[in-house]
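Reading the structure
Given next are the chains, with one letter for each unit.
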Amino acid sequence: MSAEYTLDTDSRFGEKVLRLDNVVKRFGDLTVLDHISFDVRKHETVALLGPSGSGKSTVMKCINLLEQVNDGQIWLGDTDLTDPRENQDAIRSRIGVVFQQFNLFSHMTVLNNVTLAARKVHHWPREKAEEKAMGLLRRIGMDHKAKEYPDRLSGGQQQRVAICRALMMEPELLLLDEITSALDPLLVGEVLEMVGELKSQGATILMATHEMSFAHDAADRIVLLRGGHIAENGSPEQVMDNPTDPETQAFFAAYNRV
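Residues numbered from 1 in each chain as written. Predicted model: local features only at pLDDT ≥ 70, side-chain atom pairs only at ≥ 80, totals over all residues. Heavy atoms only, no water.

1. With respect to the overall build of the protein
The line we're drawing: Secondary structure elements are defined from DSSP: runs of H or I of at least 4 residues count as helices, runs of E of at least 2 residues count as strands, and each element is numbered from the N terminus. When we talk radius of gyration, it's over C-alpha atoms, and the globule rule is simply 2.2 Å times the number of residues to the 0.38. The cut-offs for exposure are 20% and 50% of the maximum accessible area for each residue type, with area from a 1.4 Å probe on protein chains only; residues under the lower value are buried, those over the upper are exposed, and the others partly exposed. Every residue pair with non-hydrogen atoms within 4.5 Å of one another is taken to be in contact. Surface exposure here means Shrake-Rupley accessible area, sampled with a 1.4 Å probe, where a residue is shielded only by the protein chains that are shown.
If you tally the helices and strands in the protein, you get nine helices and 10 strands. The globule rule puts the C-alpha radius of gyration for 258 residues at 18 Å, and the 18 Å found for the protein is close to it. With respect to the three principal axes, the spread of C-alpha positions in the protein is 55 × 45 × 40 Å. Here the protein holds 258 residues, and 50% of them are scored as buried. Long-range contacts, defined as pairs at least 24 residues apart, comprise 66% of the intrachain contacts of the protein with a sequence gap of at least 6. Carbon together with sulfur atoms contributes 45% to the accessible area of the protein, which is approximately 12,500 Å² in total.

As structure tokens, then:
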């Protein structure tokens, strides 16, 4: 988060950072994603919504190369992520990912968790990595926890550390996959506040979430999945406040949004 961005309100967002083009994903005979197409532009926050089983997490895993698509293409800038000739480690280094489980190493301090990839994968000198990590931790008021181990932190603090780790390499795209699902309701707010700060600084974010109020207020665009298809793709006002499709109305009515 070394750079802060001022958005051009006329052009709104920059070039396409991520593009999904007719993506199909099957598990055996089950088609989980059926010709999914959407994009995320630079500085844009897109919320991926939908009922459980609609394919949200599968979309995230395909983008992060944890699952291979059966058909279609996924582009990160000018790089075709579905091309087997591309270097997958190089691609992953351009994407920051935070999952609902914090995935912090319990035997490592907060500082070592945050700096691990920079030191071991990208071969940064320890001093450079720790200076960058402390700057990130300081921004979220966690620098005093740098020498603590994860089991000494609350769930909200652990998730914020996981977000800092994802930001270490200044990724082109930040994927947030249900990052509040494993948290006590009292801790959700502090994590969402951090996401809001990242958005205000111009980060490019694709987030899958069940936090409807937050998605409505924070996202620039809503992509609603239903049964492996894109049911809606538009602004929060279009999709959540004024839906015309009866199934979409019923979905958001369950969350008291309609």
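2. Here we look at the pairing of strand β2 (residues 30–41)
This is how the line gets drawn: At least two bridges found by DSSP between two strands is the condition for calling them paired.
Relative to β2, strand β1 (residues 16–27) runs antiparallel, the two being bridged by eight bridges. Paired with R26 across the strands is T31, a residue of β2. Turn length for the β1-β2 hairpin, with the two strands adjacent in sequence and antiparallel, is two residues, and the turn residue G28 shows positive phi of about 65°.

3. Brief notes about the sheet that holds β1
Convention followed: Helix axes use the C-alpha atoms of the stretch in contact, all axes being lines fitted to C-alpha atoms, and the angles between their N-to-C directions lie in the range 0 to 180 degrees.
With antiparallel pairing, four strands are arranged side by side in an open sheet as β2-β1-β4-β5. Strand pairing shows two members of the sheet lacking a second neighbour, β2 and β5 (79–80), which therefore form its edges. Taken strand by strand, helix α1 (residues 56–63) contacts β1, β2 and β4 (71–76), and its axis lies near 115° from that of β1.

4. Some points on the pattern of salt bridges
We count it as follows: Criterion for a salt bridge: a side-chain nitrogen of Lys or Arg within 4 Å of a carboxyl oxygen of Asp or Glu.
All told, the structure shown has 17 salt bridges when counted by the stated rule. Here D89 and R92 are joined by a salt bridge, their closest N and O atoms 3.8 Å apart. With a gap of three residues between them, D89 and R92 both fall in helix α2 (residues 88–92), about one helical turn apart. The partly exposed category is assigned to R92, whose relative accessible area is 28%. A salt bridge links K132 to E170; the shortest N-O distance between them is 3.5 Å. Separated by 38 residues along the polypeptide, K132 in helix α4 (residues 126–139) and E170 in the loop between α5 (155–167) and β7 (173–177) bring together distant segments of the chain. In this structure E170 comes out as partly exposed when scored by relative accessible area, which is 44%. Several salt bridges converge on common partners, so that one network encompasses K16, D39, E44 and R221.

5. What to know about helix α6 (residues 185–200)
Rules: Expected helix span is given by 1.5 Å per residue-to-residue step, counting one fewer step than there are residues. By arc we mean the arc of the directions from the helix axis to the C-beta atoms, nothing more.
For α6, with 16 residues, the first-to-last C-alpha span of 24 Å sits near the 22 Å given by 1.5 Å per residue. Within the sequence span of α6, burial applies to V188, V191, L192, M194, V195 and L198. Here the buried residues of α6 occupy an arc of 155° about the axis, which is enough to place them on one side. Exposed residues lying more than 90 degrees from the buried face of α6 are L186, E193 and S200. For α6, the secondary structure elements touched by its buried residues are α5, β7, β8 (205–208) and α7 (212–218). Positioned one or two residues after α6, G202 has a phi angle of 95°, which is positive.

Nothing here speaks to function; it is geometry throughout.
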